[in-house]
Amino acid sequence: MNESELKDIIIAELAKIALGSDPAALDLDDNLREGLDIDSFDALNFFIALSERLHIDISEKDMGKLNTMGEILHYLQAQKV
Amino acid sequence: MTEFKMPSLGADMDAGTLVEWKVKSGDPVKRGDIIAAVETAKGVIEIECFENGILDEIFYQPGQEVPVGNVLATISSEAEFRQKASAQKAAEPVKVPEAVVVEPAKPAAQVVQEAMKAAIAQPAVSGDRIRISPLARRIAEDLGVDLTTVHGTGPGGAIQKSDIEGAAQAKPVLAPEPVRVPEPVSARPPEVPPQAPPVEKVAPLPVEASTEPVPEVKKPTDFQSAMRAAIAAAMSKSNREIPHYYMETNIDMTKALAWLEEENLKRPIRERLLPVVVLLKAVAKSLTEVPELNGFWIDGQHQVSEAINIGFAINLRQGGLITPAIHDTDMKTLDELRDAMNDLITRTRSNKLRSSELTDSTIVVTSLGDRGVEKVFGVIYPPQVALVGLGKITEQPWAENGTLSVRKVMTATLAGDHRATDGHKGGLFLEALNRNLQEVEKL
Amino acid sequence: MTLPSQNVIAEPQQLVKMTYREGMRQAIREAMLRDERCFLMGADVGRYGGCFAVSKGLFDEFGPEKIRDMPLSESAIAGIGIGASMNGMRPIVEIMTVNFSLLALDQILNTAGTLLHMSGGLFNVPVVIRMATGSGRQLGAQHAHSLEGWYAHIPGIKVLAPGTVEDMRGMLWPALEDPDPVLIFEQQVMYNMTEMVSATPVPVDIDHAKVRRPGKDVTLITYGSCLPKSMTAAETLAQEEIDTEVIDLRTLRPLDNDTIFASVAKTHRVLIVEEGWRSGSLAAEISARIMENLFYELDRPVDRLCASEVPMPYSKHMEEAAVPQPETIAAAVRKLVL
């Protein structure tokens, strides 16, 4: 899956979590929690959705480090999805 | 030369209408002659003259209405008349005296007026009674204006309508009193099937069942303003009526978070626990130890609730706040609690709460989570008697047993209703919360 | 009560200038011409033309049968009028002033006001009794009191107080049509007051007060000679941007609560102006009704401006000081709104 496909998936999942926001408008370096005003529950649900859609495991430790679009993209690519 | 004036022909005569001159200018007249006819309300009256001489200048013509006292004509002596005639029209204009203007006796009238005012002097008003007009009091109640904050501009500092309207404009208008009095909670309240909650509930959320995977974002306008009004009413009532006391304590969360991390490593992502699940469970357990904080103050009575239904403060993306109840928080396992919270948050955000969840909470917990600030001091949700505030967990220097280390620390606060409990109970609760969070494995 | 029938009321015509006195004179004439049961009776109403010249000329026009001079006994005059009315006539009884009417009070209260009740509804008393009232003519304590508020205390009678020429002219006929006793209080200070009125009589509603001047800041309730004074005060106040609503009661009994209450509910501030003495005055009654019904509409206590509680002085400046004047009315309104 190329970067833009991954990005589309991330944006689609974020949009489901952060209703009424526009994840596509975020830069790669923006903090998602702040930019989209999502809390820990939203974040967890986002990662759950992501892991189930892409069939990967996102560990507890990793979750805390994934704060920007860039970091998530990078992480997913490293997981070779 | 003398002036021949309109006579007063009766006490009620203001004016007469000149009907006819019986003589003309230049004619000689003598005392007792009828020289004019005047019509009054009592009929046409002939007017006689009281001088001897010559009718000189005439100022009014028949048909004209002449006020009493105004000069109708002048009567001159023969010499005067001839002199004037020879002096051509150099005759001095006879000044018509102005009608007597009687001052309306203003000073006297004012004295009378003032004496009347004094006669009905206001009775003394006792010091702690608010002087306010009935209308202003009614409007203040409608608008929810606190009278103790209004400056009166009426007589004696009385508050009047304009003062209330000014005060109401200066600060946000409160909605009518929240009618959110839970029934005394004993057993688990019956679950209300999903339906539109009554209007008086905290937020009028539409809760129709929806099969759409992605619920639409509701147009916020009406709904939001209604929620804003409800929050305004509840919080104002709280601040007005509840004497809050506040306490805080720092809790070392290092151990709890380590346990949680270890626990989560064993779990698939769907079953992982967030710190807030553990925190809520710890609060619920602490409340079983200090039950006085879990309940209501209604009609001057403290009612402790058997059920512990923690209202969990969920902020809405469009603005506003809902505190749906997690029924029997203390009876749930951590996994059950996680599922319950997950469900609740999802349904809150998608406007699918049940009315029982909106009305049944017995205490509110507000958790700032991993973002936000370190401390929160809450405003109790009436008629509840306490609110627990959990701050962001941060790394802080921690002194213990003579050594300094860095720990993950959370500040827990308690807002208590001093009518229902005292600081001692509050302290016991925070102490219990701390203890329970040091032993999360037992939760 | 019905208003004058259609055939008498012409289309609105041109206006003519008429005095308050002439208004009643024309009303009496028109009543005589319309209803042969009508006649005028009273002391000096015939050959002399009436103490206040209201009936001047009517004796010549209608003769002694219709314009009947009576002996100087108010009790007899009122009693005869009441008896005539009970026997099918429609007498217009003139009593010189309200001060003398106390001599007829027994007839008015104990007979006219009660007979319908005491006869079990058999006898009504369709008499009209007119009299002059009020100060302003330097007639002293003998002639210048305002006692109409006392009459407004009596059940069974209707009490009218025309404050305009139009009302003076238009109230008599509905009063004569009323099956019960009606008293008309004419302001002696206003007999010479002129006004442009319709050349033909305009029916006047004697059941309702009238808003003479709409306003939003304060309600000024008055009647009779205090009406023009109040209108003057209201104009003065308008220049100070105080918008005064002036209500002319017109009928003192029964009082028109609806008109009063509607105005007070709008302005929330009330001044009642009258020439009666303050204690136990009609103003007190109106004030009480407002308190009873509109307490939560009041932004200030109801205020009253009445006559000083003294026998009416003779000297002009003292007489003026004893009763409301445009200046004192305006001052009282200012106190209510400022």
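Residues numbered from 1 in each chain as written. Chains lettered and ligands numbered in written order. Predicted model: local features only at pLDDT ≥ 70, side-chain atom pairs only at ≥ 80, totals over all residues. Heavy atoms only, no water.

### Re the overall build of chain A
Phase 1: Along chain A, the regular secondary structure elements total five helices and zero strands.
Phase 2: Helices and strands in chain A line up, N terminus first, as α-α-α-α-α.
Phase 3: Here chain A, with 81 residues, has 47% of them falling under the buried criterion.
Phase 4: Taking contacts inside chain A between residues at least 6 apart in sequence as the whole, the part at least 24 apart equals 59%.
Phase 5: Taken as a whole, chain A presents about 3900 Å² of accessible surface, with 47% of it coming from carbon and sulfur. (Helix = DSSP H or I, 4+ residues; strand = E, 2+ residues; numbered from the N terminus. Buried < 20%, exposed > 50% of the residue type's maximum accessible area, 1.4 Å probe, protein only. Contact = heavy atoms within 4.5 Å. Areas by Shrake-Rupley, 256 points an atom, 1.4 Å probe, with all protein chains shown as cover.)

### Structural notes on the overall build of chain B
Phase 1: Assigned secondary structure in chain B consists of 10 helices and 19 strands.
Phase 2: Buried positions account for 44% of the 443 residues belonging to chain B.
Phase 3: When contacts within chain B are restricted to residue pairs at least 6 apart in sequence, long-range pairs at least 24 apart make up 63% of them.
Phase 4: If you sum the accessible surface of chain B, you get close to 22500 Å²; carbon and sulfur atoms cover 54% of it.

### Considering the packing of aromatic side chains
All names here are of chain C.
Phase 1: In this structure the tally under the stated criterion is seven aromatic pairs over all chains.
Phase 2: Geometrically, the ring pair formed by tyrosine 151 and phenylalanine 185 is tilted, given 5.5 Å between the ring centres and 40° between the ring planes. Taken together, the residues tyrosine 151 in helix 8 (residues 148–151) and phenylalanine 185 in strand 7 (residues 182–187) connect sequence positions 34 residues apart.
Phase 3: Classification of tyrosine 151 by relative accessible area gives buried; the value is 1%.
Phase 4: By relative accessible area, phenylalanine 185 is classed as buried at 0%.
Phase 5: Cluster of aromatic residues (ring-pair linked, three or more members): Tyr20, Phe52 and Tyr191.
Phase 6: Arginine 34 extends its terminal NZ or CZ atom over the ring of tryptophan 173, reaching a point 3.9 Å from the ring centre. (Phe/Tyr/Trp six-rings, centres within 6.5 Å; stacked < 30°, edge-to-face > 60°. Lys NZ or Arg CZ within 6 Å of the ring centre and 35° of its normal.)

### What to know about the interface of chain B and chain A
Phase 1: Residue-level contacts link 19 residues of chain B with 26 residues of chain A.
Phase 2: Contact between chain B and chain A buries roughly 2200 Å² in total, counting both sides, with carbon and sulfur atoms accounting for 54%.
Phase 3: Connecting chain B to chain A are three residue pairs in polar contact (both at pLDDT 80 or more).
Phase 4: Elements with a minimum of two residues in the side of chain B that touches chain A: helix 6 (254–265) and helix 8 (334–349) of chain B.
Phase 5: Top element by residues in the side of chain B that touches chain A is helix 8 of chain B. It accounts for four residues.
Phase 6: Each residue belonging to the side of chain B that touches chain A can be placed in one class, and the counts come to nine nonpolar, three polar and seven charged. (Buried area = accessible area lost by both parts, 1.4 Å probe. Polar contact = N/O pair within 3.5 Å; in protein donor to acceptor, adjacent residues only side chain to side chain. Nonpolar A, V, L, I, M, F, W, Y, C, P; charged D, E, K, R; others polar.)

### Comments concerning the packing of helix 1 (residues 3–17) of chain A against helix 3 (residues 40–54) of chain A
Residue and element names in this part refer to chain A.
Phase 1: Relative orientation of the contacting elements helix 1 and helix 3 amounts to 140°, with a least axis distance of 10 Å. In terms of axis orientation, helix 1 runs oblique to helix 3. In this structure, the crossing between helix 1 and helix 3 has a hand that is right-handed. Contacts between helix 1 and helix 3 pair Leu6, Ile9, Ile10, Ala12, Glu13, Leu14 and Ile17 from the former with Asp42, Asn45, Phe46, Ala49, Leu50, Arg53 and Leu54 from the latter.
Phase 2: Residue composition of the contact of helix 1 with helix 3, by class: 10 nonpolar, one polar and three charged. (Axes fitted to C-alpha atoms, helices over the stretch in contact; angles between N-to-C directions. Parallel < 35°, antiparallel > 145°, perpendicular 65-115°, else oblique. Left-handed = near helix turned anticlockwise from the far one by under 90°.)

### A look at the nonpolar core
Within soluble globular proteins, side chains that are nonpolar tend to cluster in buried spots.
Phase 1: In this structure, Leu50 of chain A together with Leu437 of chain B are the most contacted members of the largest nonpolar core, which totals 79 residues.
Phase 2: When residues of this core are assigned to their parent elements, the largest contribution, nine residues, is made by helix 7 (residues 275–289) of chain B.
Phase 3: Counting residues in each nonpolar core, the second largest holds 49 residues, with Val93, Ile108, Ala112 and Leu282 of chain C among its members. (Core = buried A, V, L, I, M, F, W, Y, C linked by side-chain atoms within 4.5 Å.)

### What about unusual backbone geometry?
Phase 1: In this chain, proline 382 of chain B is followed by proline 383 of chain B through a cis amide linkage whose omega measures 0°.
Phase 2: Within the secondary structure layout, proline 383 of chain B lies in the loop between strand 16 (363–367) and strand 17 (386–390).
Phase 3: Proline 254 of chain C follows arginine 253 of chain C through a cis peptide bond whose omega is -5°.
Phase 4: One non-glycine residue with positive phi stands out, namely asparagine 401 of chain B, at about 55°.
Phase 5: Inspection of the secondary structure puts asparagine 401 of chain B in the loop between strand 18 (394–400) and strand 19 (403–417).

### Comments concerning the sheet that holds strand 5 (residues 128–133) of chain C
Residues and elements named next belong to chain C.
Phase 1: Ordered by their spatial adjacency, seven strands build an open sheet running 3-2-4-5-7-6-12, and the pairing between neighbours is mixed. Only two strands of the sheet have a single partner each, and these edge strands are strand 3 (67–69) and strand 12 (251–253). Taken over all neighbouring pairs, the strand axes of this sheet differ in orientation by 25° on average, direction set aside.
Phase 2: Here strand 6 (residues 158–160) runs beside strand 12; their pairing, made up of two bridges, is antiparallel. Paired with valine 159 across the bridge in strand 12 is arginine 253. (Pairing = 2+ DSSP bridges.)

### Here's the deal with the confidence of the model for chain B
Residues and elements named next belong to chain B.
Phase 1: Averaged over all residues, the pLDDT of chain B equals 78, while 76% of them reach at least 70.
Phase 2: For the stretch residues 91–109, pLDDT sits under 50, and the model shows 24 contacts to residues farther than four places along the chain or on other chains.
Phase 3: Considering only residues more than four positions removed or in separate chains, one finds that residues 111–126, a stretch of pLDDT under 50, has 15 contacts. (pLDDT = per-residue confidence, 0-100.)

### Remarks on the sheet that holds strand 11 (residues 244–248) of chain C
All names here are of chain C.
Phase 1: The mixed open sheet is built from five strands, whose spatial order is 9-11-10-13-14. Each edge of the sheet is formed by a strand with only one pairing partner; in this case those strands are strand 9 (210–213) and strand 14 (303–307). With strand direction ignored, the average angle separating the axes of adjacent strands in the sheet is 25°.
Phase 2: With four bridges connecting them, strand 13 (residues 270–277) and strand 14 associate as parallel partners. Note that in strand 14 the partner of valine 273 across the bridge is leucine 305.

### Some details on the pairing of strand 13 of chain C
Phase 1: The element strand 13 of chain C is extensively covered by neighbouring structure, given that seven of its eight residues are classed as buried.
Phase 2: Read as a crossover between parallel neighbours, the route from strand 13 of chain C over helix 13 (residues 282–294) of chain C to strand 14 of chain C is right-handed. (Right-handed = clockwise from strand over helix to strand, strands pointing away.)

### Some words on the packing of helix 3 of chain A against helix 8 of chain B
Packed helices, taken two at a time, are described by the angle their axes make and the gap between the axes.
Phase 1: One way to put it is that helix 3 of chain A packs onto helix 8 of chain B with a least axis distance of 11 Å and a crossing angle of 100°. Here helix 3 of chain A lies roughly perpendicular to helix 8 of chain B, going by the angle between them. In this structure, helix 3 of chain A uses Phe41, Asp42 and Asn45 of chain A to contact helix 8 of chain B, whose residues at the interface are Met341, Asn342, Ile345 and Arg349 of chain B.

### Brief notes about helix 5 (residues 69–78) of chain A
Residue and element names in this part refer to chain A.
Phase 1: For helix 5, the full list of buried residues reads Met69, Ile72, Leu73, Tyr75 and Leu76. Summarising the axial view, the buried residues of helix 5 lie within an arc of 165°, below the 170-degree limit, and thus occupy one face. Away from its buried face, by an angle of more than 90 degrees, helix 5 presents the exposed residues His74 and Ala78.
Phase 2: On its buried face, helix 5 sits against helix 1, helix 2 (32–36), helix 3 and helix 4 (60–63).
Phase 3: Phi turns positive, to about 60°, at lysine 80, one or two residues after helix 5. (Arc of directions from axis to C-beta.)

### What to know about the pattern of salt bridges
Phase 1: The final tally for this structure, using the stated rule, is 45 salt bridges over all chains.
Phase 2: Its salt-bridge partner being aspartate 217 of chain C, residue lysine 216 of chain C comes within 3.2 Å of it at the nearest N-O pair.
Phase 3: One network of salt bridges, in which partners are shared, links Glu263, Lys266, Arg267, Asp335, Arg338 and Asp339 of chain B. (Salt bridge = Lys/Arg side-chain N within 4 Å of Asp/Glu carboxyl O.)

### Looking at helix 7 of chain B
Residues and elements named next belong to chain B.
Phase 1: Along its 15 residues, helix 7 runs 21 Å from first to last C-alpha, staying within 8% of the 21 Å computed at 1.5 Å per residue.
Phase 2: Burial runs high along helix 7: 11 of the 15 residues are buried.
Phase 3: Those residues of helix 7 that fall on the buried side of the exposure criterion are Val276, Val277, Val278, Leu279, Leu280, Lys281, Ala282, Val283, Ala284, Ser286 and Leu287. (Expected span 1.5 Å × (residues − 1).)

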